[in-house]
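Examination of the molecular architecture
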Amino acid sequence: MYNTKIKILNASVRLFNENGIDSVRLQQIADESEMSVGNLAYHYKSKDVLIEAVYERVFDEFNEIFRHYLKRPDLADFDIQISIYYTFFSRNRFYLSEFFKANNSTAPHYLQWQDCTAKMLLQLRSRLQFMVRKNELLPEKEPGQYELLAEQIWMSLVFFIPKSNMIGQHYDEISYKKNIWNLLRPYFGPDGLEEFRALIVPVLF
Amino acid sequence: MSKNRPLKEALTTKAKISEAALFLFNHFGFVNVRLQHIADEAGLSVGNLAYHFKTKDEIVELLYEEIIARQKNLLTDLRMIPLFINLNSYIDNTFLMQKRYSFFFTDTLEIMRAHAAIRKKHREHIQWQTIQLKIYIQFNIARGALHSFELPDSIENFSNRFILLTDSWMGYKILQGEKISELESQEFRSSLWGMTAPNFSQAGKNEFMQMLAYPYDGLG
Amino acid sequence: MKPRFNIDIKAYDALLEGLNQQYFVEKRGDQSDFRLYFDDLWLADTAVIDDVHRSRGAWAVDLIFASIHNPLKFIRRHITLHSCPKRAAQQGEFMRRVAAKDQRGTLSVSIRSLQICKN
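Residues numbered from 1 in each chain as written. Chains lettered and ligands numbered in written order. Predicted model: local features only at pLDDT ≥ 70, side-chain atom pairs only at ≥ 80, totals over all residues. Heavy atoms only, no water.

As named in an unreviewed UniProt entry, chain A is TetR/AcrR family transcriptional regulator, taken from Dyadobacter frigoris.

What follows is the structure, encoded as structure tokens:
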């Protein structure tokens, strides 16, 4: 029963990614999902309703990522989460440009987006603290050092794909992961380095 | 003489328009500004404005050229004397430049999507930027201020990372709900140096500490 | 867009901190943690007491199983609800008699075995 709806949503996300939300018409979405506009209108009355449904699904996916936190205690846990972030951000690229487009800071989806990014940052900070406590990362040399690192990781997670895309640089999951692990690498202590070499480095080549 | 005057006047009008456009883009977002608004801000009629710039795209292209020219200047300075202190002033000046043209750095994705011509130029520009930065890092590794990079990291990865951070920092801060006018160059600096610091060698550390101790030394 | 449940950011921070803590504090459990589930032999040596009381506008019948060795060790089970107090009392009586059947005769506990000090 929901198959048609999912098909429509997937088609819309594909088109939004390529052309931006504003310039996609219902006709195009109907063509992309191989159905008539009438049939499409049966499922989603207007473009606004459709956009809302797309957003809703995006936020569901986004929130799902947060559950992958410390399911296991080693570094691979983070690696798994990075993979999921990659899948999420590469599939929903259109998303970011929508948020940076205008100061629509009162729109409900903008507030949700802000909420999600705040959570993302908190989780990164908390994860770094955990790694420090577990002796994987060296203790802080200067106050605020890991705060900065969390911000840097956040920016890489969010902006890597759209910016690579923008400057026409090839990217894939490996280069995405490399970028983040390279940020972390200089901070590893001896234990962390050993674990990094055993668990993570093989994945990156 | 008589030929020169109107030309000069045209230039100043053009400058006036681009200033007005820049102000509006920065405050209201690139997509929200229309030619009518720019004309009002510059104190011209739309018709007069259309004589100088036919579309909004032309204004953006002009502004983009300005940004590139400034960035090229900054990087060329860095290339002549690639010490830490020069990177520091490069970072400071980049910050000022980003603040002046903040609309471009917050709306980059949207502008790139809509303007194929700028996208093409920007790709080339970023490649050029990456190469400059690579040369800078190579030099600093050679003179012993930075450690060399160990796989899976490389100079290329680092340069990409550095530029990614430089270009997306402002977007990040906006997302945190901060106002562009209240951003401090100090934060920008510590963010970028924070990324470089783990690769300092002992000599690099010393140089960095000395630079912090005598902040204006050699800045001229 | 329908409003979504959003956890307060501070609460979320505390939650993450708790998750971090878990790894260092919590130990793996062992078999003895499950004693509760299989160690129910003491139920053979219990006296049964029926208790009828008002609950949610009706009369509730509970049975209490108290160990004859130590009446403070007991469990209470809810049996049924009745709107009529007499029928509830009757039902309680029946249930107690069924549950209290024992080869040794009806087991009972006395208030004295609680050893209450009235000073």
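Contacts between the two partners involve 15 residues from chain C, matched on the other side by 22 residues from chain A. With both chains or domains summed, chain C and chain A bury close to 1900 Å², and 58% of this area falls on carbon and sulfur atoms. The interface formed by chain C and chain A holds 0 salt bridges in total. Where chain C touches chain A, the interface holds 4 residue pairs in polar contact (both at pLDDT 80 or more). When the residues that make up the side of chain C that touches chain A are grouped by side-chain class, the tally is 8 nonpolar, 3 polar and 4 charged. (Contact = heavy atoms within 4.5 Å. Buried area = accessible area lost by both parts, 1.4 Å probe. Salt bridge = Lys/Arg side-chain N within 4 Å of Asp/Glu carboxyl O. Polar contact = N/O pair within 3.5 Å; in protein donor to acceptor, adjacent residues only side chain to side chain. Nonpolar A, V, L, I, M, F, W, Y, C, P; charged D, E, K, R; others polar.)

Turning our attention to unusual backbone geometry. All names here are of chain A. Positive phi outside glycine occurs at Glu34, with the angle close to 55°. Along the chain, Glu34 falls in the loop between helix H2 (26–32) and helix H3 (37–43). Even without being glycine, Asn135 reaches a positive phi, approximately 70°. Within the fold, Asn135 resides in the loop between helix H7 (108–133) and helix H8 (145–166). Assessed through its relative accessible area of 49%, Asn135 is described here as partly exposed. (Helix = DSSP H or I, 4+ residues; strand = E, 2+ residues; numbered from the N terminus. Buried < 20%, exposed > 50% of the residue type's maximum accessible area, 1.4 Å probe, protein only.)

Once that is clear, we can look at the sheet that holds strand S2 (residues 58–67) of chain C. Residue and element names in this part refer to chain C. Here 3 strands make up an open sheet; going across it, the order is S1-S2-S3 and the pairing antiparallel. One side of each edge strand has no neighbouring strand; the edge strands of this open sheet are strand S1 (46–55) and strand S3 (74–82). In this sheet, neighbouring strand axes are inclined to one another by 20° on average, regardless of whether the strands run parallel or antiparallel. Pairing between S2 and S3: 8 bridges, direction antiparallel. Pairing of Asp62 across the sheet is with His78, part of S3. (Pairing = 2+ DSSP bridges. Axes fitted to C-alpha atoms, helices over the stretch in contact; angles between N-to-C directions.)

Another point: the interface of chain B and chain A. At the interface, 40 residues of chain B touch 39 residues of chain A. Of the roughly 3500 Å² buried at the junction of chain B and chain A (both faces included), carbon and sulfur atoms supply 62%. For chain B, the biggest contributors to the area lost against chain A are Leu109(B), Pro152(B) and Leu175(B); these three give 22% of the whole. Summed over the shared surface of chain B and chain A, the result is 0 salt bridges. Going through the elements one at a time, helix H1 (4–28), helix H7 (108–114), helix H8 (116–142), helix H9 (155–175) and helix H10 (185–196) of chain B are the ones with two or more residues in the side of chain B that touches chain A.

Bringing the domain arrangement of chain A into the picture now. Residue and element names in this part refer to chain A. Here chain A is partitioned into domain 1 (1–45) and domain 2 (56–204). When each unit is reduced to the centre of its C-alpha atoms, the spacing between domain 1 and domain 2 is 30 Å. Contacts between the two partners involve 8 residues from domain 1, matched on the other side by 8 residues from domain 2. The largest contributions to the domain 1 side of the interface with domain 2 come from Val13, Asn17 and Ile21, which together make up 62% of the buried area. Taken together, domain 1 and domain 2 are joined by 0 salt bridges. Inspection of the domain 1/domain 2 interface yields 2 residue pairs in polar contact (both at pLDDT 80 or more). Of the residues that constitute the side of domain 1 that touches domain 2, the class distribution is 5 nonpolar, 2 polar and 1 charged. (Domains from an automatic or database assignment.)

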